[in-house]
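Descriptive structure summary
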Amino acid sequence: MIQEDTLKKVLYIDLSKKKFWVEERTDLFSQFIGGTGVAIKLLHENCGYDIDPFSPENPIIFAIGPLNGLFPIASKTVAVFKSPHTGNLGESHAGGRSAIAIRMAGYGAIVIKGRSDRPCYIAIHSDKVYFKDATTLWGLEEGVSAGRLIRNQEPGAGLRTIMRIGPAGEKMVSFACVTLETYRHFGRLGLGAVFGSKNLKAVVVSGKRDLKVTNFKEYKEVYGELLAQLAQSDKMRKYHELGTSSNIMPLSFSRGIPIKNLLTNELQEISNISGESFAEKHLGRRVACSHCPVACIHLATLRKPYEDEPYFYRTVYLSYDYELIYALGSMLGVTSSEGVLKLIEVVEDMGLDAISTGVVLSWITEAFEKGVISEKMTEGLIPQWGNVDTYIEIIKKIVYGTSEFFNDTRRGIDYVSSKYGGKEFALTYGGNEMPGYHTGYAAHIGYLFGARHSHLDSAGYAIDKEAMVRPLNEEQIANKIISEECWRQILSTLVICFFGREIYTVDVILRCLKLTGYNISKEELLKIGQKIYIDKYRFKIKSGFDLSSLSLPKRVFELPSSIGLLKKDFADRIIEILREKIKSLL
Amino acid sequence: MPVFVRDSEKCVGCLICMFACGRAHLAVGLESSCIKVRSQGGISRGFSVFVCRGCEDPPCARSCPEDALIVRKSGGVLLKEDRCTGCSYCVKACILDAIGWSTIKNKPVICIQCGECAKSCHYRVLEYRRI
Ligand code: SF4
Ligand code: SF4
Ligand code: SF4
Ligand code: SF4
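All figures in this text were calculated on a predicted structure; none of them were measured in a lab.

**So, the pairing of strand β2 (residues 19–24) of chain A**
Pairing analysis gives six bridges linking strand β1 (residues 9–14) of chain A to β2(A), with the strands arranged antiparallel. Bridging across to β2(A), Tyr12(A) finds its partner in Trp21(A).

**Focus: the sheet that holds strand β4 (residues 77–82) of chain A**
Residues and elements named next belong to chain A. Ordered by their spatial adjacency, six strands build an open sheet running β2-β1-β6-β3-β4-β5, and the pairing between neighbours is mixed. The open sheet has two edge strands, β2 and β5 (89–94), and neither has a second partner. Between one strand and the next, the sheet's axes are offset by a mean angle of 15°, whatever the strand orientation. Strand direction decides the pairing type here: β1 and strand β6 (residues 109–113), joined by five bridges, are parallel. Within the sheet, the bridge partner assigned to Tyr12 lies in β6 and is Val111. Helix α3 (residues 98–105) rests against β3 (60–63), β4, β5 and β6 of the sheet, and its axis sits at about 90° to β4.

**Quick look at the pattern of salt bridges**
All names here are of chain A. Evaluated as defined, the whole model comprises 42 salt bridges over all chains. Between Glu404 and Lys419 there is a salt bridge; the shortest N-O distance is 2.6 Å. Taken together, the residues span a long stretch of sequence, with Glu404 in helix α15 (residues 404–409) and Lys419 in helix α16 (residues 413–420) at a distance of 15 residues. Given a relative accessible area of 51%, Glu404 falls into the exposed group. In this structure Lys419 comes out as partly exposed when scored by relative accessible area, which is 37%.

**Remarks on the packing of aromatic side chains**
Residues and elements named next belong to chain A. Under the counting rule described, the total for this entry stands at 17 aromatic pairs over all chains. Seen from their ring centres, Phe62 and Phe186 are 5.5 Å apart, and the 40° between their planes marks the pair as tilted. A residue pair is termed long-range when its members are at least 10 positions apart, and Phe62 in strand β3 and Phe186 in strand β11 (residues 184–186) qualify at 124 residues. For Phe62, a relative accessible area of 1% corresponds to the buried category. With centroids separated by 6.3 Å and ring planes inclined at 85°, the aromatic side chains of Tyr306 and Phe312 adopt a geometry described as edge-to-face. Here Tyr306 falls in the partly exposed class, since its relative accessible area comes to 37%. Owing to a relative accessible area of 47%, Phe312 belongs among the partly exposed residues under this scheme. In textbook terms, an aromatic cluster arises when at least three aromatic residues are bridged by ring pairs, as seen for Phe71, Phe216, Tyr219 and Tyr223. Here the guanidinium or amino end of Arg488 rests over the ring plane of Phe498, the centre of that ring lying 4.8 Å away. Here Lys540 stacks its cationic end above the ring of Phe545, 4.3 Å away from the centre of that ring.

**Focus: the environment of Ala146(A)**
Its place among the elements puts Ala146(A) in helix α4 (residues 146–153). As for Ala146(A) and Ser245(A), which are separated by 99 residues in sequence, their C-alpha atoms are 29 Å apart.

**Here's the deal with the sheet that holds β11(A)**
Residues and elements named next belong to chain A. Here six strands make up an open sheet; going across it, the order is β8-β7-β12-β9-β10-β11 and the pairing mixed. In this open sheet, the two strands that pair with only one neighbour each are β8 (128–133) and β11. Across the sheet, the mean angle from the axis of one strand to that of its neighbour is 20°, orientation sign disregarded. Two elements, strand β7 (residues 120–125) and strand β12 (residues 200–206), share six bridges in a ladder whose sense is parallel. Within β12, the residue paired with Ile122 across the bridge is Val203. α3 rests against β9 (161–164), β10 (178–180) and β12 of the sheet, and its axis sits at about 65° to β12.

**A short note on the site of ligand 4**
Within the structure, ligand 4 sits among Cys11(B), Val12(B), Gly13(B), Cys14(B), Leu15(B), Ile16(B), Cys17(B), Val37(B), Val49(B), Cys121(B), Tyr123(B) and Val125(B). In terms of residue class, the shell around ligand 4 is built from 11 nonpolar, one polar and no charged.

**Examining the domain arrangement of chain A**
Residues and elements named next belong to chain A. You can read the domains of chain A as domain 1 (9–207), domain 2 (236–422) and domain 3 (432–585). Our enumeration of links across domain 1 and domain 2 arrives at one salt bridge. In this structure, Asp353 and Arg188 form a salt bridge, with 3.1 Å as the shortest nitrogen-oxygen distance. Counting the contacts that link domain 1 with domain 2 gives 12 residue pairs in polar contact (both at pLDDT 80 or more). When contributions to the side of domain 1 that touches domain 2 are tallied by element, the ones reaching two or more residues are α5 (167–170) and β11. Considering every element that reaches the side of domain 1 that touches domain 2, the biggest residue donor is α5, with three residues. In terms of residue class, the side of domain 1 that touches domain 2 is made up of 12 nonpolar, 12 polar and five charged.

Cut-offs used in this document
Residues numbered from 1 in each chain as written. Chains lettered and ligands numbered in written order. Predicted model: local features only at pLDDT ≥ 70, side-chain atom pairs only at ≥ 80, totals over all residues. Heavy atoms only, no water. Pairing = 2+ DSSP bridges. Helix = DSSP H or I, 4+ residues; strand = E, 2+ residues; numbered from the N terminus. Axes fitted to C-alpha atoms, helices over the stretch in contact; angles between N-to-C directions. Contact = heavy atoms within 4.5 Å. Salt bridge = Lys/Arg side-chain N within 4 Å of Asp/Glu carboxyl O. Buried < 20%, exposed > 50% of the residue type's maximum accessible area, 1.4 Å probe, protein only. Phe/Tyr/Trp six-rings, centres within 6.5 Å; stacked < 30°, edge-to-face > 60°. Lys NZ or Arg CZ within 6 Å of the ring centre and 35° of its normal. Near = heavy atom within 4 Å. Nonpolar A, V, L, I, M, F, W, Y, C, P; charged D, E, K, R; others polar. Domains from an automatic or database assignment. Polar contact = N/O pair within 3.5 Å; in protein donor to acceptor, adjacent residues only side chain to side chain.

Structure (structure tokens):
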């Protein structure tokens, strides 16, 4: 790395003592580049393997990489922590203004430890760090936005990030998210709950600086090429135009979109919630993360009348994408776009992870139908496919409810189904709820073995798509899952948004890295990716993750996927191969 | 040949123009950028772009006590850095908020009317126009 680069600076913040200090970690950033590579090292250093995720010892680690602030679509921040949802590795990525703000503030990583005795928020403005009182921001009612209040208090408009939690985070719902810039999230695995456990309402970061490159002329050239490709390339069109929600219809034709907890492949009127319908009826604005020209964030408008006052309306803007329409639409049998948007609104207001929330609701609905849970437990609410109003009430109960059952739902359905039954149809993978692809073996097994149990770990749906054309055997599927996940570690060290992955090929990445003072070969780069992957698995296993007990939910085998009905013995063989491969790497 | 804001309603807030302006000032990053993009009080309300319109009779130059801002024939101003004392009067004089500030140099960042910001905007929010 370039010697003067501030990337090597790690900002440590102790919420208990209200102290902060900076350490230069050239060792970490030169070996593991940045982002997820540095973050996982910092997690090993700062997080005891057997600690309670809600204890003050659980660190919150944010990390960025050398390409952030230098190249377009290098726009993401990696967050790692011990997950209260799964009990092992918590990792989530988000964009918004965060990555550029942290880079411009002059850091490569931020480590937050301890617990504040009162609600507080942290404001980081370049080399200054302030601990601010947030007692009045805690427990705010809907309608008052903590984000807006903080916006008015803090400098750095336009360039700063404001990461904050909602009621779900305050109440430590294990799948609470952290919201950035209103529309972006560290969604999965419960970072919001870890914020809540620390009495940390928000983190604000801002700064402004110039960075160094090894050769300015070449830098400008590479930058220009990347920008042109991002604008013109067909590879980007899907994100540009309809956004990821363009996948709703194709995946519905191929039976790849999960519907009603995977009870059926049929959903009449699914076209009402397609990307095309959303664009036509609701698309109100497109926005982008800092330093990304793609602008994949699609904001829908929802016009809501005031019930008690005629001729008064309010218009809310809500971001939507494929995963949200799946989790709060098809999975719940909701086929009106307004209905999906109303659910998105309450999920945003509460500060929950949308995917987990949708899958929790779909499990509750089926469990209720099957008599696994009763009306008494749901405090009189009767969940029903497609019934948006009841779902809204249930979401609020998950956060605010006082009954034992709703208390339990705050820990996700792995826990709830272990306690009440209904495991066969609890769609969880390593404790995390299912993403929106029932495309074949690779999708499901990818969630199961992905270090963060996300569809983004190895993009199994893309492997399934390949398998639809040319069948793959067990060994091939297993190999593809691991090599894709290893490669993605590189993207998330830099930290490039996965939507730019087809443009950031190995050669492009090596050129960019050279300009930031990293002279490494292709082989070395791939080796680093694999090392990071192994390091993540080491953390998981040391914190109690058990490879031998991993299995797929029974439901997965009961309904045809995009590649047909899945066979358990075939899946089991892939699982066995992956187990052995991972063990041999450790 | 200044840059005009054609339609800020289309602005997605990507800041690509700010980074382009940095490069136009031979830098990497945002410190040496004079164009600004800010949300209109929350992202859902969209963005505003603040960029120099190359005034023919520039108030920024008139406000400079050191004559460090030279009026260009085609509009806008040129910064004579050695004369500038870093008083920031010019920043306040520009009602468009189109002057940047480098805290490192403690000097203003002045638009050089190069059009790089407009050329790199994918959404044609900005237009580089001959007048
Ligand atoms: S014209 Fe050039 S100097 Fe002026 S704002 Fe645009 S990029 Fe910056
Ligand atoms: S900086 Fe402002 S006052 Fe000066 S020429 Fe540009 S727009 Fe006019
Ligand atoms: S900051 Fe420099 S250019 Fe601006 S008014 Fe003061 S002396 Fe003149
Ligand atoms: S490049 Fe265009 S769309 Fe992006 S922030 Fe600038 S003006 Fe807005």
